[in-house]
Amino acid sequence: MNTIITVDGPSGAGKGTLCQLLAKATGYALLDSGALYRLTALAAIKAEVALTDVQALAKLAAGLDIAFNAAEQGVTVLLAGKDVTREIREEAVGMAASQVAALQPVRDALLMRQRAFADGSGLVADGRDMGTVVFPSAAVKFFLTASAEERAKRRVLQLESVGQKADERQILTDIEARDKRDRERASSPLVPAADAILLDSTKMTIDQVFEYAMATIKKAA
Ligand code: C5P
């Protein structure tokens, strides 16, 4: 059975962690669609393609040589055979990703690649438009949010936990800029699907979010 669960929402709301937990608990495959936009952005930066050169970016997205390898410590992401797992998570790559993601030809180029992840064994799809555009007939759709301040706080803790310095005010400014671009763009803006379940994680722990999501999925089965 090809059950698809979508989790959309702004950056830093906890989608990534929730999707990993859900994929583990259900045994379904995982699609981190943000990683595809991040990989497109990183490939553009490396090839010195301008983030305004729409046709070149779409070509780059269509031809991406990428692999996702499941490992003990999580998923390893490869671009042209090179491990870029950490590099694609850098703030600058995230900002560039949100720029290339606003371009419809880039989104078109990545659409079939995303749908190919639903290969029949069930899928948990993490992104901005999973429930609205990529998998509109998904069985269960979540829209996970948290206040921008709370998301900035979580990002600071995450960076500090890996020994990186973090400027909370700068991070909050970046989060708000990225939210605005994702929400206001013409192509696949960040909006909940009409049939999405809204989940505000501002005052919830990740365990509470996971328990609630699992209970909802079981009810829907
Ligand atoms: O989720 P993540 O922060 O890794 O995504 C990076 C960027 O990719 C987002 O800011 C957003 O602009 C874009 N994105 C998107 N559609 C998706 C997933 C991500 O536009 N389905």
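Conventions we followed
Residues numbered from 1 in each chain as written. Predicted model: local features only at pLDDT ≥ 70, side-chain atom pairs only at ≥ 80, totals over all residues. Heavy atoms only, no water. UniProt positions renumbered as here; feature names shortened; annotations may be inferred. Pairing = 2+ DSSP bridges. Helix = DSSP H or I, 4+ residues; strand = E, 2+ residues; numbered from the N terminus. Contact = heavy atoms within 4.5 Å. Axes fitted to C-alpha atoms, helices over the stretch in contact; angles between N-to-C directions. Salt bridge = Lys/Arg side-chain N within 4 Å of Asp/Glu carboxyl O. Buried < 20%, exposed > 50% of the residue type's maximum accessible area, 1.4 Å probe, protein only. Near = heavy atom within 4 Å. Polar contact = N/O pair within 3.5 Å; in protein donor to acceptor, adjacent residues only side chain to side chain. Areas by Shrake-Rupley, 256 points an atom, 1.4 Å probe, with all protein chains shown as cover. Nonpolar A, V, L, I, M, F, W, Y, C, P; charged D, E, K, R; others polar.

- Under the annotation held in an unreviewed UniProt entry, the protein carries the name Cytidylate kinase and is attributed to Marinagarivorans cellulosilyticus.
- Quoted straight from UniProt, the Sequence similarities (unreviewed entry) entry for the protein says "Belongs to the cytidylate kinase family. Type 1 subfamily."
- The Subcellular location (unreviewed entry) field of the UniProt record for the protein holds the comment "Cytoplasm".

Some remarks on the sheet that holds strand β3 (residues 66-71)
In sheet architecture, strand pairing relies on hydrogen bonds along the backbone and comes in two forms, parallel and antiparallel.
Then, in step 1: Here we have three strands laid out as an open sheet, ordered β3-β4-β5, and antiparallel in their pairing. If you trace the sheet from one side to the other, it starts and ends with β3 and β5 (82-83), each paired once.
Then, in step 2: In terms of strand pairing, β3 meets strand β4 (residues 74-79) through six bridges, oriented antiparallel. Residue pairing in the sheet places Ala-70 in a bridge with Val-75 of β4.
Then, in step 3: Running over the sheet, helix α2 (residues 33-46) touches β3, β4 and β5 and is turned about 130 degrees from β3.

Here we look at the pattern of salt bridges
Then, in step 1: Evaluated as defined, the whole model comprises 13 salt bridges.
Then, in step 2: For Glu-184, the salt bridge is made with Lys-180, and the minimal N-O distance between the two is 3.0 Å. Of this pair, Glu-184 and Lys-180 both sit in helix α8 (residues 168-184), separated by four residues, roughly a single helical turn.
Then, in step 3: Residue classification places Glu-184 among the exposed residues on the basis of a relative accessible area of 56%.
Then, in step 4: Residues participating in the shared-partner salt-bridge network are Lys-46, Lys-82 and Glu-87.

Quick word on the UniProt feature "domain: Cytidylate kinase" (unreviewed entry) in the protein
Then, in step 1: The UniProt record marks residues 5-218 with the feature "domain: Cytidylate kinase" (unreviewed entry), using the residue numbering of this structure.
Then, in step 2: Taken end to end, residues 5-218 is 50% helix and 17% strand, and its two terminal C-alpha atoms sit 12 Å from one another.

Side note on the site of the ligand
Then, in step 1: Around the ligand there are 18 residues in total, and Arg-38, Arg-107, Arg-128, Asp-182 and Arg-185 lie nearest to it.
Then, in step 2: A distance of 2.9 Å is found between an oxygen atom of the ligand and a side-chain nitrogen or oxygen belonging to Arg-128.
Then, in step 3: Here an oxygen atom of the ligand sits 2.6 Å away from a polar atom, N or O, in the side chain of Asp-182.
Then, in step 4: Protein contact buries 96% of the 450 Å² of open area that the ligand shows by itself.
Then, in step 5: Residue assignment for the shell around the ligand shows that the elements contributing at least two residues are α2, α4 (91-100) and α8.
Then, in step 6: Here the element with the most residues in the shell around the ligand is α2; it accounts for four residues.
Then, in step 7: Taken together, the residues that form the shell around the ligand break down as four nonpolar, five polar and nine charged.

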